[in-house]
Amino acid sequence: MLSEAQAWRVLAQVPDPEVPVLSVTELGIVREVRAAGGALTVVVTPTYSGCPATEAIEVAIRAALREAGADSIRIETRLAPAWTTDWLAPEAAEKLRAWGIAPPSVPAGAQPIRFVPPAPPCPRCGARQTERLSEFGATACKALYRCRACREPFEYFKPI
Amino acid sequence: MTPSHLEYLLHLADNPLILGQRLSEWCGHGPVLEEDLALANTALDLLGQSRLLLTRVATLEGKGRDEDQLAFLRGEREFRNWTLVELPNGDFARTVLRNFLFSACQLPLWQGLQRSCDDGLAAIAAKSLKETRYHLRHAADWVVRLGDGTEESHARMQAALAELWPYTAELFAVDPVEQDAAATGLGVASASLQPHWEATVRPLLEEATLAIPARTPFLSKGKLGVHSEHMGHLLAEMQIMQRTYPGTQW
């Protein structure tokens, strides 16, 4: 039997499978935890419509909660409001940078259709002379950039 | 939810499903690695949108069907996608041009559907809108790059435009299912999307130094279930596993 506070602490230890430096709570995927009558309900909002990690995240959440002592676990998917990078925890930006991924450098909002937004600074050397190599990186949520100063490639977590 | 409303939702679901299927064919065959990833990831987004929409249909239909059964067991005439999305990919120019023409229509469509009287559809629209912006940006950049590119890339892009343009008439053609959906607040009348689409498409095609073909009377009818000769082959490939081993899960 887990309390809501205990459940949140457990979930804060569940890493995202693709970006393991962040937990599912730091990513803003877990929206709500409700404990009622011995049953635990976890409300999650998926990131991208086609994110292949969505099911893996649910499996990981169940496993972590079960291991911590919860026996009745229900996972509820909530689509609205839609997930946004604005929900990334404040400390997430620095963790991403340390991991080599540039965090979103602009708030989500409307992305321009034709103009490329200001290039994110390099997470390794901090230089602003970076260029986009590809709209999509290893995952749909990240783009691929290259730093012209230190010459290293890096991924950029796209604002959405 | 009337049968007509469910038809409308299937139309919304089938467009990204079939286009996602076509874009998936590029996986492993892209001209450069970055574009192989881009097309595959775009397909992934589209398939995700389709899954959400098909699941919404299944829920509202209440007949015990699920997203997989709807995707893999319907016959050709039950699919409601625009003919545009079932056409073979052709070369890279034709592929990105189709993505551009498609996404330029999806953008105002999702914007309008955010106000749908069905909460589930409104939520899916708000989510899909964000992803569509990235699809549109990617495709638009390539249309300009190739159109205003080398002699070869320009020729291929111009040929692609001549081939695809006639199929865009269907995007805005009036049909009873859509009219009914719009009248009841569920959906958006596609004709109302045309000004926004033209405002996005025409200036960009001009920037790409492409000549826009004249309109002809040709009108495809995929959204009415009357598909081109390509749909049967596409479905054969897409549905073969479920049809060979019905009910199989892995």
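What counts and what doesn't
Residues numbered from 1 in each chain as written. Chains lettered and ligands numbered in written order. Predicted model: local features only at pLDDT ≥ 70, side-chain atom pairs only at ≥ 80, totals over all residues. Heavy atoms only, no water. Patch = residues over 30% accessible without salt bridge, like charges linked within 9 Å, V, L, I, M, F, W, Y side chains within 5 Å. Areas by Shrake-Rupley, 256 points an atom, 1.4 Å probe, with all protein chains shown as cover. Salt bridge = Lys/Arg side-chain N within 4 Å of Asp/Glu carboxyl O. Helix = DSSP H or I, 4+ residues; strand = E, 2+ residues; numbered from the N terminus. Buried < 20%, exposed > 50% of the residue type's maximum accessible area, 1.4 Å probe, protein only. Pairing = 2+ DSSP bridges. Right-handed = clockwise from strand over helix to strand, strands pointing away. Polar contact = N/O pair within 3.5 Å; in protein donor to acceptor, adjacent residues only side chain to side chain. pLDDT = per-residue confidence, 0-100. Contact = heavy atoms within 4.5 Å. Buried area = accessible area lost by both parts, 1.4 Å probe. Nonpolar A, V, L, I, M, F, W, Y, C, P; charged D, E, K, R; others polar. Axes fitted to C-alpha atoms, helices over the stretch in contact; angles between N-to-C directions. Parallel < 35°, antiparallel > 145°, perpendicular 65-115°, else oblique. Expected span 1.5 Å × (residues − 1). Arc of directions from axis to C-beta. Core = buried A, V, L, I, M, F, W, Y, C linked by side-chain atoms within 4.5 Å. Phe/Tyr/Trp six-rings, centres within 6.5 Å; stacked < 30°, edge-to-face > 60°.

### Description of a nonpolar patch on the surface
A surface patch of nonpolar side chains, about 540 Å² in accessible area, is lined by I240, M241, Y245 and W250 of chain B. Structurally, the position occupied by I240 of chain B is in helix α10 (residues 231-244).

### What to know about the pairing of strand β2 (residues 39-44) of chain A
Residues and elements named next belong to chain A. Burial analysis of β2 places 5 of its 6 residues in the buried class, which makes it a mostly covered element. Both strand β1 (residues 30-36) and β2 contribute to a ladder of 6 bridges, which runs antiparallel. Residue pairing across strands places E32 opposite V43, the latter belonging to β2. Counting the residues between successive antiparallel strands, the hairpin from β1 to β2 contains 2 residues, one of them, G37, with a positive phi of roughly 55 degrees. In this structure, β2 lies alongside strand β3 (residues 72-77), joined through 6 bridges in parallel fashion. Bridge pairing links A39 to S72 in β3. A crossover connection joins β2 to the parallel β3 through helix α2 (residues 54-67); in handedness this β-α-β unit is right-handed.

### Notes on helix α8 (residues 176-183) of chain B
A side-chain oxygen of the first residue of α8 of chain B lies 3.0 Å from the backbone nitrogen of V177 of chain B; this N-cap is D175 of chain B. Following α8 of chain B by one or two positions, G185 of chain B has its phi on the positive side, about 85 degrees.

### Observations concerning the confidence of the model for chain B
Of the residues in chain B, 100% have a pLDDT of 70 or more, and the chain-wide mean is 96. Scored by ipTM, the complex comes to 0.87, with pTM at 0.93.

### Here's the deal with the interface of chain A and chain B
Facing 31 residues of chain A, the contacting portion of chain B comprises 29 residues. Between chain A and chain B, roughly 2600 Å² of surface is buried when both sides are summed, and carbon and sulfur atoms account for 58% of that area. Across the salt bridge formed by R132 of chain A and D141 of chain B, the nearest N and O atoms sit 3.4 Å from each other. There are 9 residue pairs in polar contact (both at pLDDT 80 or more) connecting chain A and chain B. The greatest single-element share of the side of chain A that touches chain B, amounting to 3 residues, is contributed by strand β5 (residues 130-134) of chain A. Class assignment for the residues of the side of chain A that touches chain B results in 17 nonpolar, 9 polar and 5 charged.

### Side note on the sheet that holds strand β6 (residues 142-147) of chain A
Residues and elements named next belong to chain A. Taken in spatial order, the 4 strands line up as β4-β7-β6-β5 in an open sheet, and their pairing is mixed. Each having just a single partner strand, β4 (101-102) and β5 make up the two edges of the open sheet. As paired strands, β5 and β6 are joined by 4 bridges and run antiparallel to one another. Bridge pairing in β6 links R132 to Y145.

### Here's the deal with the packing of helix α6 (residues 119-147) of chain B against helix α7 (residues 151-164) of chain B
Residue and element names in this part refer to chain B. Relative orientation of the contacting elements α6 and α7 amounts to 125 degrees, with a least axis distance of 7 Å. Between α6 and α7, the angle is such that the two are oblique. Only S153, H154 and M157 of α7 make contact with α6, whose side of the interface consists of W142, V143, R145, L146 and G147. Tallied by class, the residues present in the contact of α6 with α7 amount to 4 nonpolar, 3 polar and 1 charged.

### Concerning unusual backbone geometry
Following A80 of chain A, the chain continues to P81 of chain A via a peptide bond in cis, the omega torsion being -5 degrees. Tracing the backbone through its elements, the reader meets P81 of chain A in the loop between β3 and α3 (92-99). At R151 of chain A, a position not held by glycine, the phi torsion is positive, near 70 degrees. Within the secondary structure layout, R151 of chain A lies in the loop between β6 and β7 (153-157). With a relative accessible area of 55%, R151 of chain A lands in the exposed category. In the Ramachandran plot, T209 of chain B falls in the positive-phi region, its phi being about 55 degrees despite a non-glycine side chain. With respect to the secondary-structure elements, T209 of chain B resides in the loop between α9 (194-207) and α10.

### Details of the pattern of salt bridges
All names here are of chain A. Tallying each qualifying case throughout the model produces 25 salt bridges over all chains. The salt bridge involving E131 is made with R146; its shortest N-O contact spans 2.6 Å. One end of the pair, E131, is in strand β5; the other, R146, is in strand β6, with 15 residues separating them in the sequence. For E155, the salt bridge identified is with K142, shortest N-O distance 3.2 Å. On the criterion of sequence distance, the pair formed by E155 in strand β7 and K142 in strand β6 is long-range, its members being 13 residues apart.

### As for α2 of chain A
All names here are of chain A. The end-to-end C-alpha distance of α2, which contains 14 residues, comes to 20 Å, matching closely the 20 Å that a straight helix rising 1.5 Å per residue would cover. When α2 is considered as a whole, its buried residues turn out to be I57, I61 and L65. Taken around the axis of α2, the buried residues stretch over an arc of 60 degrees, which confines them to a single face. Along α2, the residues that are exposed and aim more than 90 degrees away from the buried face are V59 and E67. Backbone geometry just after α2 places G69 at a positive phi near 115 degrees.

### With respect to the nonpolar core
Residues and elements named next belong to chain B. Among the nonpolar cores identified, the biggest contains 73 residues, and I18, L97, F100, L113, V143, W197 and L205 are the most heavily contacted of them. Residue contributions to this core peak at 13 residues, all from helix α5 (residues 92-113). Each residue touching V143, except ones within four places of it in the same chain, is listed here: V96, L97, F100, D148, M157, L204, L205, A208 and L210.

### Some details on the packing of aromatic side chains
Following the criterion strictly, the structure yields 8 aromatic pairs over all chains and no others. Ring centres of Y145 of chain A and F154 of chain A lie 5.9 Å apart, and the angle between their planes is 20 degrees; this geometry places the pair in the stacked category. Accessibility expressed as a relative area gives 2% for F154 of chain A, which makes it buried. Ring centres of F92 of chain B and W142 of chain B lie 5.1 Å apart, and the angle between their planes is 90 degrees; on these two criteria the pair is classed as edge-to-face.

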